[in-house]
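Here is what each chain is made of, one letter per residue.
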Amino acid sequence: MYAYIGQRAAATIPVLLGVSLLVFSMLQLVPGDPVRLMLSEFQSTPDQMARLRSQLHLDEPLPIQFGRFVWNASHGDLGASIRTRRPVTTEIMDNLPATLQLAVAGLLVATLLGVTLGIVAAVRQRSWVEVASMLVALLGVSMPSFWLGLLLIFGFSLHWRLFPATGGGDLQHLVLPAVTLGLGASAILARLTRSSMLEVLRQEYVTTARAKGLREFAVIGRHALKNALIPVVTIFGLQFGQLLAGTVVIETVFSRPGIGRLIVDAILNKDFPVIQGVVLVVAVSYVLVNLLVDLAYAVLDPRIRYACASARCWDWPCWCSWE
């Protein structure tokens, strides 16, 4: 078990270095002079441009710039905003809680709705319940999130006046954005849960559990669901990353604070340090969530724990997670 955790944690190090390299390259791949782009809206002098270039360390060789970027980022220093002059870390930490709240709420909606629809569709196969569940899933996949958000605002805010349309604050402001964000992910989870449950329900141990006289609820919940959730947990990490990316659109539609609005404003104002910082934080969060998903395999599937106790787990690469 500890070997498995060590292998999974060690595998994230080159991934994080690759992410840091890609984020660092954003500033270098910008067409033209990035300093001139940042100061394009101002009557800047050559001295001001040279001062900003020195402040961003763009006058140093690229390897030194990258080493400085990695060192500062590992110590929580992402530079300062060109527009507000505040540290980028402070800007992100002021907006990150609202985004995490929205992403977790969207993931909760997606999990409850998607897993429930998938289980119902698998248990009531070839019935109108399965057809209705898959139609809801198809609707969630097909409808763009910004269009769904506008429809929810029109119906539940302007017409029925049940929830506020814009802004952030209490739980009432969170309902419509969370549903908008989670419905698309719930469709994917529903289809995957259905296919996984259908495969598990055909296994011999499920037939044995039914032959022993267990109630159908116990067969589904105690024996089938746990094994069926293993591929679903894999999608959780991917969906969480997509939900974090989707907050950019949702926070704009519902005028919510968060890093989505922060990066949109930074792009409009050509604030490259803020853009780099937000992209790096989102990417690192995505990697860490996938690490937690890998560790969750060992909780759901005891075979991983047993396999990782063997000496093969010290070989590179480690394939224990696939056994």
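That block above? That's the structure.
Not measured: the values here are computed from a predicted model. (Residues numbered from 1 in each chain as written. Predicted model: local features only at pLDDT ≥ 70, side-chain atom pairs only at ≥ 80, totals over all residues. Heavy atoms only, no water.)

**Quick notes on the overall build of the protein chain**
- Within the protein chain one finds 13 helices and 0 strands.
- For the protein chain, the N- to C-terminal ordering of α and β elements is α-α-α-α-α-α-α-α-α-α-α-α-α.
- Once the C-alpha set of the protein chain is aligned to its principal axes, its extents read approximately 85 × 65 × 30 Å.
- Long-range pairs, those at least 24 residues apart, make up 70% of the contacts in the protein chain between residues at least 6 apart in sequence.
- Accessible surface computed for the protein chain: about 17,800 Å², of which carbon and sulfur atoms make up 67%. (Helix = DSSP H or I, 4+ residues; strand = E, 2+ residues; numbered from the N terminus. Contact = heavy atoms within 4.5 Å. Areas by Shrake-Rupley, 256 points an atom, 1.4 Å probe, with all protein chains shown as cover.)

**What about the side chain of Arg256?**
- Checked against the element boundaries, Arg256 lands in the loop between helix H10 (216-253) and helix H11 (259-268).
- There is no salt bridge for the buried Arg256, and the closest opposite charge comes from Glu251, which lies 5.5 Å off by N-O distance.
- Other than its neighbours up to four places away in sequence, Arg256 contacts Ala98, Gln101, Leu102, Gly167, Gly168, His173, Leu174, Pro177, Glu251 and Arg261. (Buried < 20%, exposed > 50% of the residue type's maximum accessible area, 1.4 Å probe, protein only. Lys, Arg positive; Asp, Glu negative; His and termini not counted. Salt bridge = Lys/Arg side-chain N within 4 Å of Asp/Glu carboxyl O.)

**Quick word on the packing of aromatic side chains**
- Within this structure, the stated rule accounts for 4 aromatic pairs.
- An aromatic cluster is built from Phe24, Phe66 and Phe69, whose rings are joined through pairwise contacts. (Phe/Tyr/Trp six-rings, centres within 6.5 Å; stacked < 30°, edge-to-face > 60°.)

**Side note on helix H6 (residues 128-142)**
- For H6, with 15 residues, the first-to-last C-alpha span of 21 Å sits near the 21 Å given by 1.5 Å per residue.
- For H6, the set of buried residues is Val129, Glu130, Ser133, Met134, Ala137 and Gly140. For H6, the buried positions fall inside an angular range of 125° around the axis, keeping them on one side. Along H6, the residues that are exposed and aim more than 90 degrees away from the buried face are Trp128, Leu135 and Ser142. (Expected span 1.5 Å × (residues − 1). Arc of directions from axis to C-beta.)

**Looking at the pattern of salt bridges**
- Going through the model one piece at a time under the given rule, you end up with 5 salt bridges.
- Close ionic contact of Glu60 with Arg68 constitutes a salt bridge, the shortest N to O distance being 2.9 Å.
- Owing to a relative accessible area of 22%, Glu60 belongs among the partly exposed residues under this scheme.
- The partner of Arg210 in a salt bridge is Glu216, with the nearest N and O atoms 2.8 Å apart.
- In this structure Arg210 comes out as partly exposed when scored by relative accessible area, which is 36%.
- Within the structure, one salt-bridge network assembled from shared partners comprises Arg86, Glu91 and Asp94.

**What to know about the packing of H10 against H11**
- One can describe the packing of H10 onto H11 by two numbers: an axis separation of 7 Å at closest approach and a directional angle of 90°. Overall, the two elements H10 and H11 adopt an arrangement that is roughly perpendicular. Touching Thr247, Val248, Glu251 and Thr252 of H10 are Ile259, Gly260, Arg261, Ile263 and Val264, all from H11.
- For the contact of H10 with H11, a count of residues per class yields 4 nonpolar, 3 polar and 2 charged. (Axes fitted to C-alpha atoms, helices over the stretch in contact; angles between N-to-C directions. Parallel < 35°, antiparallel > 145°, perpendicular 65-115°, else oblique. Nonpolar A, V, L, I, M, F, W, Y, C, P; charged D, E, K, R; others polar.)

**Digging into the environment of Gln172**
- Its location among the elements puts Gln172 in helix H8 (residues 172-201).
- Between the C-alpha atom of Gln172 and that of Leu162, which follows or precedes it by 10 residues, the distance is 8.7 Å.

**Observations concerning the environment of Gly79**
- With respect to the helices, strands and loops of the structure, Gly79 is situated in the loop between helix H4 (62-74) and helix H5 (88-123).
- The class for Gly79 is partly exposed, based on a relative accessible area of 30%.
- Distance in space between the C-alpha atoms of Gly79 and Asp33 is 19 Å, their sequence separation being 46 residues.
- Setting aside residues no more than four positions away along its own chain, Gly79 makes contact with Pro87 and Val88.

**Some points on the nonpolar core**
- Core analysis: the largest hydrophobic core is formed by 22 residues, its most contacted members being Leu102, Leu181, Leu189, Phe240, Leu243, Ile250 and Phe254.
- For this core, the elements supplying multiple residues, two or more each, are H5, helix H7 (145-159), H8 and H10.
- Counting residues per element, this core draws most heavily on H8, which supplies 7 residues.
- Every residue in contact with Leu189, bar those within four places of it in the chain, is listed here: Ala110, Thr111, Gly114, Val232, Ile235 and Phe236.
- Leu78, Val274, Leu280 and Ala283 belong to the second-largest nonpolar core, a separate cluster that totals 17 residues. (Core = buried A, V, L, I, M, F, W, Y, C linked by side-chain atoms within 4.5 Å.)

**Quick look at the side chain of Thr99**
- On the secondary structure map, Thr99 appears in helix H5.
- In this structure Thr99 comes out as buried when scored by relative accessible area, which is 0%.
- For Thr99, the side chain forms a polar contact with the main-chain nitrogen of Ile259, separated by 2.8 Å.
- The residues touching Thr99, leaving out its near neighbours within four places in the chain, are Leu244, Thr247, Glu251, Gly258, Ile259 and Gly260. (Polar contact = N/O pair within 3.5 Å; in protein donor to acceptor, adjacent residues only side chain to side chain.)

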